[in-house]
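The lines below spell out each chain.
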Amino acid sequence: MGSGASIPKTASGELKDEIAGKSGLQPDKQRVFGRAGETTARKENRVESVRETEEMSRAFVAVAGVRKTVDKLSERVAALEMAVNSGTKVSDEEFVVSAELLMRELLKLDGIEAEGEAKLQRKAEVLRVQNFHETLDKLKTINSKFS
């Protein structure tokens, strides 16, 4: 293989499938290149780069999973907000359960190791959860004034 030569199709497909299984990055979105005479240090750097990419992909997937759950919880918070704003007395348990569910997602976010863009997405989701939690606190205070 010359410099920049492509890897045989079967080896390339197997490698792409392995990367897809570990990172979630679909094979058709990957490119695989090989180089003759590549040094061990370069190979190790490439392996480290693949590991970092896999870790970043895992972080993106984990944050996206939390975001999906928080989207559903946001609907719950919106329903409570509508009820309280219309003067309907809501059970305190509704606020407690909603707050607890949000805290679970916050704990999941705290457990996600991320760098770069994934870290920014995680931080944005943390702020979003905290804002919903503050909304619940305000609604609970308003709700407590209803008889």
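In what follows, the structure referred to is the one given above.
Residues numbered from 1 in each chain as written. Predicted model: local features only at pLDDT ≥ 70, side-chain atom pairs only at ≥ 80, totals over all residues. Heavy atoms only, no water.

Chemist: Help me get a handle on the overall build of the protein, residues and values and all.
Modeler: Each helix and strand in the protein was counted, giving 4 helices and 0 strands. Along the protein, helices and strands appear, N-terminal first, in the series α-α-α-α. Contacts spanning at least 24 positions in sequence make up 72% of the contacts within the protein whose residues lie at least 6 apart. Split by element, the accessible area of the protein, about 10000 Å² in all, is 53% carbon and sulfur. (Helix = DSSP H or I, 4+ residues; strand = E, 2+ residues; numbered from the N terminus. Contact = heavy atoms within 4.5 Å. Areas by Shrake-Rupley, 256 points an atom, 1.4 Å probe, with all protein chains shown as cover.)

Chemist: How would you sum up the nonpolar core? Please name residues and give values.
Modeler: Phe95, Leu102, Ile112 and Leu136 are the most contacted members of the largest nonpolar core, which has 23 residues in total. Secondary-structure elements contributing two or more residues to this core are α2 (40-85), α3 (92-110) and α4 (116-144). (Core = buried A, V, L, I, M, F, W, Y, C linked by side-chain atoms within 4.5 Å. Buried < 20%, exposed > 50% of the residue type's maximum accessible area, 1.4 Å probe, protein only.)

Chemist: Break down α4 for me, with residues and values.
Modeler: End to end, α4 covers 43 Å across 29 residues, agreeing with the expected 42 Å (1.5 Å per residue, within 8%). Regarding α4, the residues found buried are Ala118, Arg122, Glu125, Val126, Val129, Phe132, Leu136, Leu139 and Asn143. (Expected span 1.5 Å × (residues − 1).)

Chemist: I'd love a proper account of the side chain of Ser98, names of residues and values included.
Modeler: Here Ser98 lies in helix α3. A distance of 2.7 Å separates the side chain of Ser98 from the side chain of Arg76, its partner in a polar contact. When near neighbours in sequence (up to four residues on either side) are disregarded, Ser98 contacts Arg76, Leu80 and Leu136. (Polar contact = N/O pair within 3.5 Å; in protein donor to acceptor, adjacent residues only side chain to side chain.)

Chemist: Explain the packing of α3 against α4 residue by residue, including any values.
Modeler: Interhelical geometry of α3 versus α4 gives an angle of 165° and a closest axis separation of 10 Å. In terms of orientation, α3 and α4 fall into the roughly antiparallel class. Note on packing geometry: the crossing formed by α3 with α4 is left-handed. On α4, the residues that touch Asp92, Phe95, Val96, Ser98, Ala99, Leu102, Met103, Leu106 and Leu109 of α3 are Arg122, Glu125, Val126, Val129, Phe132, His133, Leu136, Leu139, Lys140 and Asn143. In terms of residue class, the contact of α3 with α4 is built from 12 nonpolar, 3 polar and 4 charged. (Axes fitted to C-alpha atoms, helices over the stretch in contact; angles between N-to-C directions. Parallel < 35°, antiparallel > 145°, perpendicular 65-115°, else oblique. Left-handed = near helix turned anticlockwise from the far one by under 90°. Nonpolar A, V, L, I, M, F, W, Y, C, P; charged D, E, K, R; others polar.)

Chemist: I'd like a rundown of a negative patch on the surface, residues and numbers included.
Modeler: A surface patch of like charges, here negative, comprises Glu52, Glu55, Glu113 and Glu115. Locating Glu52 in the fold gives a position in helix α2. (Patch = residues over 30% accessible without salt bridge, like charges linked within 9 Å, V, L, I, M, F, W, Y side chains within 5 Å. Salt bridge = Lys/Arg side-chain N within 4 Å of Asp/Glu carboxyl O. Lys, Arg positive; Asp, Glu negative; His and termini not counted. Charge placed at Lys NZ, Arg CZ, Asp CG, Glu CD.)

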